[in-house]
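Chain by chain, the residues run as shown.
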Amino acid sequence: MAAPRRAPPLPAGPKMAGGAEPQLGPEPERVVEALELLLRPPAGARERDGEAGPESALRPETLRSNAAALEERLREPGWAALSGLRRAVLARAPALAAGAAAEAEPGWAAACGLLALLLCLKERLSALAAAPAAPAPAPGAAPPPGADTLSVAQGRAVGRALRAAVGLGLVPYLPPGVGQRLGPPAPALASPSTRGARLYAAAAALAELAQHPALATPLLTRHLGLLLASLCLLGHGPAALSEGISEAERARCRETLRHVLDRVYQPLVVRELLVLQGRPKQSSPSPGEETKASLARAPAWLRRLCGQLLSERLMRPGGVQAVVRGILEGAGGGAGAEAAAVDWRKCDAVAKILASCPQQSLSPQDYYGLVCPQILDLLHIQDKVTARQFQRVATSTLLAVAREQPQLAQQHLLQPLLTPLRRCTEAPELAVEDLPAGTVLVTEAELSSCVEDVFKVYVVGNDSSSLLLGSLQPVLGVVFSLYSFSRHNVSYLSDEDEALYQKISSEQCHVENLVELLSHCQKSGLAGDFFIHCLKALTRVAAEDEAAPASAALPGGSLLELEQDHAEQSRKLLVLQLVATLCESVSDTVFTDIAQVVEFVAAVLQRACASPAHGPGAAVETQTLAMAMGLVAAMLGGAVQLQPSDFSALKRLVPLLEELSHTYPEPLTQELATDLRIAICTHGAFCPGTVGSTAASVLGRKPGPGAPSPDSAASAATSPGGVRPAPRHGRSSPSAARDGSDERGTCHETPAADSPAPGALQELLVSAFEPQPPARAAALRSLTGLITQREPEALRRQDELLQVFLENLQHEDAFVYLSAIQGVALLSSEYPERILPVLLAQYGRPVQGTEAAVTRMKLGEVLMRVTRALGDMVLKHREPLVQAFLRGAQDPDGTLRASSLCNLGELCQRLGFQLGSIIHEVTSCLTATAKTDPEPEVRRAAVHVVVLLLRGLSEKATEVLRDVLRDLYRLLKHVVAAERDGVTVLHARLALEELDAVMRRVLFPPQVLQKKIVVLP
């Protein structure tokens, strides 16, 4: 709490009894004794009420008897000093004096008597504090407490007296909804004409008590809300509720209210004002909380007043932190603050409050100019308990202001946030070596704090609004320079060598760092778009080089022209270097769809047509042209299932391929360009041999026996990074399998005369879609036999076979789909690198309906057969298999979830329980499923996987599962205690027994008697 400062008391309230000497006044012990006498419960009340406070047993007759006992005690000689001080206090407070003598209303009389004694205690404590200080203690001794310090017992007695004074002097005279919780209204103990005067007298006395620290602490920390409610009613409430109070007295109440609000700990003030404001009109106590203390519906005038006071608290210096702490932490923090950090809705609600300009503000410009710096300060909170929630509030507020007031957000939030980075970009354009020695643009601490703030707002905030992205764009160069600098290792070269090395390698390091960043952005398509942009820039460079001899600067040009020419050449070399590094590092894997591939190929062909491969960039141009033409050949050769819309996009390449076939100097490249153009125009119905051989080399397949394979086609389709065409989802149909001439978007070459029985294979493919299940199953078995015998024609057409098997997985006849499962499993075990990703993609594709779930379960059986066939090689495919079954465990279909969990358990066994870091994902899935899944079969499967883990690992469980063993133990205990399904409980008990046996063997290993022979030296 802030240190108390003097304020003029309410003139109508009691005043200090001046002129009393400290040595003539009563001791504080005597005043506390009088308070305890006035609050003494009747005989036997403590035993009857148990732990209830003494004032809970006070009844009217008890209050009268206690007041009579106090008056009798004050007549004794030892109480003369307190009696005289009490008369002086009451003489200056006529309302309290009249109330203390009112025997007809013992409650109000007791409240006046307590307030009078508390005022006597305040005066004595103030007098003792003003007395000369005690002599200094001996060296090494503890300093004595102050003369006005209360003991622990005295503090408890004073706290009880304050609670009774507030309960008897304020609460009965407050109208419903003003400072009171929900519940029965307080009884009307006085007429309306006297309520205002009594409330004013009690509030004035309490405000006087709040000026002494020893009394202010228990009063303002426990009864601040009722005191504020009284002052608000007296100073701002309707005149009908405060009869008998003059306008001057109302003004003094308003002044006292401001004084109390300013001196008390501001988060506590915010919390109490929110309580006074009450719940909104449309809200009600949430279910299950009817028995808890809830907020009452406050009157309209009090809601408006509390809103105004809260806005004033917010616009004070440090007001943002006060509001945030008051709402999120209450007045304490600790566990409450940690719980509020989890409640993100409360954080977002605070953010909406801060982002809205209150009506009391003169203008939004003034409000945001005052509040926004405090919002940015919330990002720098060091307390670990509250830092997370404060940062969330700051980030949410910044994003809300950016949406509602973009110009003000740019001025007051984003520009100050990015100031250190902007300072680096706005520095004079001088080289580093030209700057004076010791020049510091931005300190390391400022830069580190700025980068952390940018991460919290732009990354953690996860908002892609144009304002945020646009504000970050001018400083992206600085951020990238910092990233490149952080990637450098320590160099042990001398100064001269280091300077030379930095000059040579700096650009290369920047390029490599940029490519590394792009490699992490392939799924979003950003890397592909950037690659295409660089290729277009390289095309412009080639066109400029063609025209360079005509526009080159003369040898006698000016220095400025020479510098401009040098900068232009550096830019061209940088573009060439960037394209070369992209080709070597990321290659075609950056492309995510057919349209992007077409865009890339068009850019390459345009460059090749504008400037054939010659000069210093010939190697890079040849590589990119080979990669582009290889991608087109691979797409036409069956790497992806092309749709009619894809051919519409590919037709954009036809004019470029035709121009390339006439202008490119290499004849074999001209031939491949012509054949690609023919294949695109015929939609793959006719493919010359060069297209098939190029596609085969790109896809890593051996060309067919009758297909020509010129060296240029093979070499032209090979890129340094290896070419993998972009995946596309497509499915063949039975009609497509029967009719080889149907348009499927795949080039079909005419087989050579020595191909092994192509007609028989085609007949089997057609029979695989016969309506009769026996014929269909026999065809599938025959196709499986061809794969087992490694028939060349069957292996060459493995993509078609895979589609046939996958189509037959959906058949309802068990003999048919089991034959298809066997065929897919055999094909996948032979070519796992190629087939397994297709199966995983099919298995992870979310499709609604029972039949779709059954088909996915069949695919799960295929995956498990492949896992068994791979043996130890399955460890290479651990992550995608585990991730596929984890996704299956979250499917809406309960049967599929149970099947996925069973497959996951068997996979763990096949892996030898070597799950690595993915064990955390597995245990999290099992825990969530066992606790929350509505289907008992799924919960059984989850617990069964835990049993398999513990049983399979045995003594290794404490080592392999050391990070999650405690979570698994708690999960099993929860299942045993809360699960209603008997089978699941049985599985859990088996797992606990297994865990108990494991821990016993680890903690108490068996004693083995053995002899040890040691050869002495």
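**With respect to the overall build of the protein**
If you tally the helices and strands in the protein, you get 48 helices and zero strands. Evaluated residue by residue, the protein yields a buried proportion of 45% over its 1017 residues. Within the protein, counting contacts between residues at least 6 apart in sequence, those at least 24 apart form 73% of the total. On the protein, roughly 50900 Å² of surface is accessible, and the fraction owed to carbon and sulfur atoms is 56%.

**Re helix H3 (residues 60–74)**
Two residues of an α-helix separated by three or four positions point the same way, owing to the 3.6 residues in each turn. An ideal rise of 1.5 Å per residue puts 21 Å on 15 residues; H3 measures up with 21 Å between its terminal C-alpha atoms. Within H3, the full set of buried residues consists of Thr-62, Leu-63, Asn-66, Leu-70 and Leu-74. Seen end-on, H3 carries its buried residues on one side only, within an arc spanning 105°. Lining the buried residues of H3 we find helix H1 (28–38), helix H4 (80–91) and helix H6 (106–130).

**Structural notes on the side chain of Thr-669**
By the secondary structure assignment, Thr-669 is in helix H31 (residues 667–681). Residue classification places Thr-669 among the buried residues on the basis of a relative accessible area of 8%. Discounting residues that sit within four places of it in the chain, Thr-669 has contacts with Leu-625, Met-629 and Tyr-664.

**Looking at the pattern of salt bridges**
According to the stated counting rule, one finds 23 salt bridges in the structure shown. Two residues, Glu-33 and Arg-73, come together in a salt bridge whose shortest N-O distance is 3.7 Å. Placement of the pair is Glu-33 in helix H1 and Arg-73 in helix H3, with a sequence separation of 40 residues. Among the charged side chains, a salt-bridge network with shared partners connects Arg-30, Glu-33, Arg-73 and Glu-76.

**So, the packing of helix H47 (residues 965–978) against helix H48 (residues 982–1003)**
Axes are the key here: two packed helices are described by the angle between their axes and the distance separating the axes. One way to put it is that H47 packs onto H48 with a least axis distance of 9 Å and a crossing angle of 140°. Between H47 and H48, the angle is such that the two are oblique. Here the hand of the crossing between H47 and H48 comes out left-handed. Across from Leu-965, Tyr-969, Leu-972, Lys-973, Val-975 and Val-976 in H47, the residues of H48 making contact are Thr-984, Val-985, Ala-988, Arg-989, Ala-991, Leu-992, Leu-995 and Met-999. Counted by class, the contact of H47 with H48 contains 11 nonpolar, one polar and two charged residues.

**Digging into the confidence of the model for the protein**
As a note on interpretation, predicted positions should not be read in detail where pLDDT is low. Per-residue confidence for the protein averages 74 on the pLDDT scale, and 76% of its residues sit at or above 70. pLDDT under 50 marks residues 489–494. Its contacts with residues more than four places away, or in other chains, come to three contacts. In this model residues 496–501 is a low-confidence stretch, pLDDT under 50, and it forms three contacts with partners more than four residues away in sequence or in other chains.

**A word on the nonpolar core**
Ranked by size, the top nonpolar core spans 122 residues in total, and within it Leu-96, Leu-206, Leu-209, Leu-220, Val-324 and Tyr-458 carry the most contacts. Listed in part, the 80 residues of the second largest apolar core include Ala-825, Leu-896, Cys-925 and Leu-949.

**Brief notes about the environment of Cys-521**
Relative to the helices and strands, Cys-521 is located in the loop between helix H24 (495–519) and helix H25 (526–551). You can call Cys-521 partly exposed: its relative accessible area is 24%.

**Here we look at the packing of aromatic side chains**
Going through the model one piece at a time under the given rule, you end up with two aromatic pairs. Here the aromatic rings of Trp-108 and Tyr-173 are separated by 5.8 Å at their centres, their planes lie at 85°, and the arrangement is edge-to-face. Of this pair, Trp-108 sits in helix H6 while Tyr-173 sits in the loop between helix H7 (152–169) and helix H8 (192–209); the two residues are 65 residues apart in sequence, bridging distant segments of the chain. Residue Tyr-173 is classed as buried on the basis of its relative accessible area of 5%. Plain terms: the ring middles of Tyr-367 and Tyr-368 are 5.1 Å apart, the flat faces sit at 70° to each other, and that makes the pair edge-to-face.

**Things to note about the state of the cysteines**
The final tally for this structure, using the stated rule, is zero disulfides. Here Cys-306 stays unpaired: no disulfide links it, and the sulfur of Cys-232, its closest cysteine neighbor, is 5.6 Å away. Accessibility expressed as a relative area gives 0% for Cys-306, which makes it buried.

**With respect to a nonpolar patch on the surface**
Residues Phe-455, Val-459 and Val-460 make up a contiguous nonpolar surface patch of about 290 Å² in total accessible area. Note on placement: Phe-455 falls in helix H21 (residues 444–460).

**Remarks on the environment of Thr-682**
The topology assignment puts Thr-682 in the loop between H31 and helix H32 (689–699). For the pair Thr-682 and Phe-647, spaced 35 residues apart in sequence, the C-alpha separation works out to 9.6 Å. From its side chain, Thr-682 meets the backbone oxygen of Ile-678 in a polar contact 2.9 Å long.

**Topic: the environment of Val-460**
With respect to the helices, strands and loops of the structure, Val-460 is situated in helix H21. Residue class for Val-460 comes out exposed when judged on its relative accessible area of 55%. Residues Val-460 and Gln-391 lie 69 residues apart in sequence; the distance between their C-alpha atoms is 9.8 Å.

**Focus on the side chain of Asn-808**
With respect to the helices and strands, the residue Asn-808 is situated in helix H38 (residues 798–808). On the basis of relative accessibility, which here comes to 0%, the residue Asn-808 falls in the buried class. Separated by 3.4 Å, the side chain of Asn-808 and the backbone oxygen of Ala-768 make a polar contact. Among the polar contacts listed, one links the side chain of Asn-808 to the backbone oxygen of Val-804, at a separation of 2.8 Å. Ignoring anything within four residues of it in the chain, the contact list for Asn-808 reads Ala-768, Phe-769, Arg-776, Leu-780, Val-816, Tyr-817 and Ala-820.

**Comments concerning helix H14 (residues 319–328)**
Burial analysis of H14 places eight of its 10 residues in the buried class, the great majority of the element. Of the residues making up H14, those classed as buried are Gly-319, Val-320, Ala-322, Val-323, Val-324, Arg-325, Gly-326 and Leu-328.

**Side note on the packing of helix H18 (residues 384–404) against helix H19 (residues 406–417)**
Axis separation between H18 and H19 bottoms out at 6 Å; the angle between their running directions is 140°. Taken together, the axes of H18 and H19 are oblique relative to one another. The crossing of H18 and H19 is left-handed. Contacts from Leu-398, Val-401, Ala-402, Arg-403 and Glu-404 in H18 reach Pro-406, Ala-409, Leu-413 and Leu-414 in H19. Among the residues making up the contact of H18 with H19, the classes are represented as seven nonpolar, no polar and two charged.

Cut-offs used in this document
Residues numbered from 1 in each chain as written. Predicted model: local features only at pLDDT ≥ 70, side-chain atom pairs only at ≥ 80, totals over all residues. Heavy atoms only, no water. Helix = DSSP H or I, 4+ residues; strand = E, 2+ residues; numbered from the N terminus. Buried < 20%, exposed > 50% of the residue type's maximum accessible area, 1.4 Å probe, protein only. Contact = heavy atoms within 4.5 Å. Areas by Shrake-Rupley, 256 points an atom, 1.4 Å probe, with all protein chains shown as cover. Expected span 1.5 Å × (residues − 1). Arc of directions from axis to C-beta. Salt bridge = Lys/Arg side-chain N within 4 Å of Asp/Glu carboxyl O. Axes fitted to C-alpha atoms, helices over the stretch in contact; angles between N-to-C directions. Parallel < 35°, antiparallel > 145°, perpendicular 65-115°, else oblique. Left-handed = near helix turned anticlockwise from the far one by under 90°. Nonpolar A, V, L, I, M, F, W, Y, C, P; charged D, E, K, R; others polar. pLDDT = per-residue confidence, 0-100. Core = buried A, V, L, I, M, F, W, Y, C linked by side-chain atoms within 4.5 Å. Phe/Tyr/Trp six-rings, centres within 6.5 Å; stacked < 30°, edge-to-face > 60°. Disulfide = S-S within 2.5 Å. Patch = residues over 30% accessible without salt bridge, like charges linked within 9 Å, V, L, I, M, F, W, Y side chains within 5 Å. Polar contact = N/O pair within 3.5 Å; in protein donor to acceptor, adjacent residues only side chain to side chain.

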